[in-house]
Amino acid sequence: MVMTLNPIDFDTAQRIVGLVGAWGYQARALATTRWGMSSDDRETVRRRVRLLSAALRSGRLSRADQQSVRADRTVLRSWLRRTWWPQVRYYQLATRLDVLFPEWAERVQREHRPAPEVEAAWFEGPDPVIDPLWRVIVPELRASDVARLQRVVDAWGGDRELMVDDPHDRFGDAQRCVYEVRVARVARSCRRLGGRASLRAESVEEDAGLWLLGTGATVDGRGEGRLMVGGYSIEVDDLTAEEAGGLVELLKEWGYRQARTLNARAWWSQSLPPDGVRHNVRIARMALRSGLLTPDEAAMARQDLRRYRAWLLRRRWWSVGQVMRGSFARLRGIVRREAVDDR
Amino acid sequence: MDKAVEDSWLVDIPGLSYQDTARLIEEVSRWPGKLGPIAWDPRLSLIELFDARHCRFLLRVYDAAAVTWLLPGDRCLLEFALEACRACLLSFSDEVGSRRVALLRS
């Protein structure tokens, strides 16, 4: 059981430590300037597990962080399993019937002890060194080859997991990242930017800013602002540069000539579902209309707009090209028929 | 630790039983001042203690998760968690934590 009080002063804290110490507990007083406390319900914990999995999938964590995340996820899952409501009811029943069935009650209570604290791992040692993380980008990867790749990774041994990410992910270098932050900021300054697009712009500004801080990327203002679009992103836990190179060679043997390695620390990745692309169109358009972009930024924004629109057209459930071609064909047919009739 | 500087405290009592929680609540309710004890069942709520180091770790983790595709509810929790981590780092007196927050704000 956990008990909380209003923030208490030092003397009260010491009094409580002394009191429960006499009952056999090893309590400690913690200053709130150094320690915080959080309480999460089951739904929040479930969401946290999904966030941890997403962080692992992003391929942007150092090895030490990955290990900590896995340990954290195991603890959270274990807590979720133990606190499943039938388990809780079972425990409560055992507690109520402990006079009648002491051995059984004791066994149940032993098995359902509260989850262990997850704080221990964070006390000592410096922050982990950030190693370069590698991914492999493969345009047009076939589903059958994913299974083949999985077999290759399994053959490497160990408990390594292959993850294949969305082909809509885009990767930009630091210069590109700075440009996106700038466009988002300019677009947000426009009052006419809609609610969702504004949220999207805010999120881009935030995410890209954090990435720049996290990677320590430096921008000299003369970069090319490179952008890599499309292709499945393949990630394997702790993929080294050599292994990534090996995978690319293998994929080239299988016919994927455009497969390439990518250092996840040097490339900012963004997952863009269709709605995100639509918001980006609005953000770029608003930024262009504001007239606050430099000529270079405006040129990039126009190029982006063309790219986004082309992507959205390709992704429609009906192909615009087909409809246009069909309309022209019908028009040509009508013109020909009329020409024949005229003769 | 300088008790004059640290004016607000938590007490961590690992393994406190139900019976002893009730005893403790009864005891502190008699003390002067409104301490307002609240008992949390660890099977219904996951209670965690964290320090600045853990906050910085969470910032890195959530930062990494932010670049992936997430369900709207998860994205919402992520944004809330990032805010909470930053707020905690601000409130912590840890020097490294303060530097990190300064970086995030710049």
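Residues numbered from 1 in each chain as written. Chains lettered and ligands numbered in written order. Predicted model: local features only at pLDDT ≥ 70, side-chain atom pairs only at ≥ 80, totals over all residues. Heavy atoms only, no water.

## What to know about the overall build of chain A
And then number 1: When you go through chain A residue by residue, the secondary structure sums to twelve helices and ten strands.
And then number 2: By the burial criterion, 41% of the 343 residues in chain A qualify as buried.
And then number 3: The contacts of chain A with a sequence gap of at least 6 include a subset with a gap of at least 24, amounting to 81%.
And then number 4: As presented, chain A carries roughly 19,400 Å² of accessible surface, and 51% of it is formed by carbon and sulfur atoms. (Helix = DSSP H or I, 4+ residues; strand = E, 2+ residues; numbered from the N terminus. Buried < 20%, exposed > 50% of the residue type's maximum accessible area, 1.4 Å probe, protein only. Contact = heavy atoms within 4.5 Å. Areas by Shrake-Rupley, 256 points an atom, 1.4 Å probe, with all protein chains shown as cover.)

## Description of the nonpolar core
And then number 1: Counting residues in hydrophobic clusters, the biggest one holds 33 residues, and the most contacted among them are Leu-61 and Val-69 of chain A together with Val-61, Tyr-62 and Leu-78 of chain B.
And then number 2: Looking at this core element by element, the count peaks at ten residues for helix 2 (residues 52-66) of chain B.
And then number 3: Residues Val-183, Leu-193, Ala-197 and Ala-208 of chain A belong to the second largest nonpolar core, which totals 25 residues. (Core = buried A, V, L, I, M, F, W, Y, C linked by side-chain atoms within 4.5 Å.)

## Observations regarding the confidence of the model for chain A
Residue and element names in this part refer to chain A.
And then number 1: In the predicted model, chain A carries a mean pLDDT of 75, and the fraction of residues at 70 or more is 74%.
And then number 2: Every residue in residues 115-130 is under pLDDT 50, and counting partners more than four places away or in other chains gives 38 contacts.
And then number 3: Counted against residues more than four places away or in other chains, residues 219-223, with its pLDDT under 50, gives seven contacts. (pLDDT = per-residue confidence, 0-100.)

## Overview of helix 9 (residues 241-253) of chain A
Think of an α-helix as 3.6 residues a turn; residues three or four steps apart then line up on the same face.
All names here are of chain A.
And then number 1: Compared with an ideal rise of 1.5 Å per residue, which puts 13 residues at 18 Å, helix 9 spans 19 Å between its outermost C-alpha atoms and is within 8% of the ideal.
And then number 2: If you check which residues of helix 9 are buried, you get Ala-244, Leu-247, Val-248 and Leu-251. The arc that holds every buried residue of helix 9, seen down its axis, measures 100°, which confines them to one face. Looking at helix 9, the residues exposed on the side facing more than 90 degrees away from the buried face are Glu-242 and Glu-253.
And then number 3: Looking at the packing, one finds that the buried side of helix 9 touches strand 4 (134-138), helix 6 (143-155), strand 8 (232-236) and strand 9 (260-263).
And then number 4: Directly beyond the C-terminal end of helix 9, a positive phi value near 105° is found at Gly-255. (Expected span 1.5 Å × (residues − 1). Arc of directions from axis to C-beta.)

## A few points about the packing of aromatic side chains
Geometry of an aromatic ring pair is reported as the spacing of the ring centres plus the angle between the planes.
And then number 1: Counted according to the given criterion, the structure contains one aromatic pair over all chains.
And then number 2: Summarising the aromatic geometry, the rings of Phe-101 of chain A and Trp-104 of chain A are spaced 6.2 Å apart at their centres and angled 85° between planes, so their arrangement reads as edge-to-face.
And then number 3: In this structure Trp-104 of chain A comes out as partly exposed when scored by relative accessible area, which is 21%.
And then number 4: The ring of Trp-31 of chain B is capped by Arg-15 of chain A, whose NZ or CZ atom sits 4.0 Å from the centre of that ring.
And then number 5: Over the ring of Trp-254 of chain A we find Arg-148 of chain A; its NZ or CZ atom is 3.9 Å from the centre of that ring. (Phe/Tyr/Trp six-rings, centres within 6.5 Å; stacked < 30°, edge-to-face > 60°. Lys NZ or Arg CZ within 6 Å of the ring centre and 35° of its normal.)

## Digging into the pattern of salt bridges
Opposite charge on two side chains permits pairing when their charged atoms draw close.
And then number 1: Per the counting criterion, the structure on display carries 16 salt bridges over all chains.
And then number 2: Note that Glu-297 of chain A is salt-bridged to Arg-182 of chain A, the shortest N-O span being 3.1 Å. Remark: Arg-182 of chain A occurs in helix 7 (residues 174-188) and Glu-297 of chain A occurs in helix 11 (residues 295-314); sequence separation between them is 115 residues.
And then number 3: Looking at Glu-297 of chain A, the relative accessible area reads 14%, which means it is buried.
And then number 4: The exposure class of Arg-182 of chain A is partly exposed, given its relative accessible area of 32%.
And then number 5: Ionic pairing is found between Glu-83 of chain B and Arg-86 of chain B, a salt bridge with its closest N-O pair at 3.4 Å. With a gap of three residues between them, Glu-83 of chain B and Arg-86 of chain B both fall in helix 3 (residues 72-91), about one helical turn apart. (Salt bridge = Lys/Arg side-chain N within 4 Å of Asp/Glu carboxyl O.)

## A word on the pairing of strand 3 (residues 36-40) of chain A
And then number 1: Of the two faces of strand 3 of chain A, the one lined by Gly-36, Ser-38 and Asp-40 of chain A is fully buried and the one lined by Met-37 and Ser-39 of chain A carries no buried residue.
And then number 2: Sheet analysis places strand 3 of chain A next to strand 3 (residues 46-50) of chain B, joined by five bridges and oriented antiparallel. Bridge pairing links Asp-40 of chain A to Leu-46 of chain B in strand 3 of chain B. (Pairing = 2+ DSSP bridges.)

## Regarding the packing of helix 1 (residues 10-22) of chain A against helix 1 (residues 18-29) of chain B
And then number 1: The interhelical angle for the contact between helix 1 of chain A and helix 1 of chain B, taken along N-to-C directions, is 140°, at an axis separation of 12 Å. Considered as vectors, helix 1 of chain A and helix 1 of chain B are oriented oblique to each other. As helix 1 of chain A runs across helix 1 of chain B, the sense of the crossing is right-handed. Residues Ile-16, Leu-19 and Val-20 of chain A of helix 1 of chain A form the contact with helix 1 of chain B, whose own contacting residues are Leu-24, Glu-27 and Val-28 of chain B. (Axes fitted to C-alpha atoms, helices over the stretch in contact; angles between N-to-C directions. Parallel < 35°, antiparallel > 145°, perpendicular 65-115°, else oblique. Left-handed = near helix turned anticlockwise from the far one by under 90°.)

## Describing the environment of Leu-141 of chain A
Residues and elements named next belong to chain A.
And then number 1: Among the structural elements, Leu-141 can be located in the loop between strand 4 and helix 6.
And then number 2: For the pair Leu-141 and Tyr-256, spaced 115 residues apart in the sequence, the C-alpha separation amounts to 7.8 Å.
And then number 3: What Leu-141 contacts, discounting residues up to four positions off in sequence, is Val-146, Val-164, Tyr-232, Ile-234, Leu-251 and Tyr-256.

## Regarding the confidence of the model for chain B
Residue and element names in this part refer to chain B.
And then number 1: Of the residues in chain B, 75% have a pLDDT of 70 or more, and the chain-wide mean is 73.
And then number 2: Within chain B, helix 4 (residues 95-105) has the poorest average pLDDT of any element, 43, and helix 2 the best, 85.
And then number 3: For the stretch residues 1-5, pLDDT sits under 50, and the model shows seven contacts to residues farther than four places along the chain or on other chains.
And then number 4: This stretch, residues 96-106, has a pLDDT under 50; its non-local contacts, to residues over four places away or in other chains, come to 18 contacts.

## Thoughts on the packing of helix 2 (residues 42-58) of chain A against helix 3 of chain B
And then number 1: Relative orientation of the contacting elements helix 2 of chain A and helix 3 of chain B amounts to 90°, with a least axis distance of 10 Å. By the angle between their directions, the pair helix 2 of chain A and helix 3 of chain B is classed as roughly perpendicular. Contacts between helix 2 of chain A and helix 3 of chain B pair Thr-44, Arg-47, Arg-48, Arg-50 and Leu-51 of chain A from the former with Gly-73, Asp-74, Leu-77 and Leu-78 of chain B from the latter.
And then number 2: Looking at side-chain class alone, the contact of helix 2 of chain A with helix 3 of chain B contains three nonpolar, two polar and four charged residues. (Nonpolar A, V, L, I, M, F, W, Y, C, P; charged D, E, K, R; others polar.)

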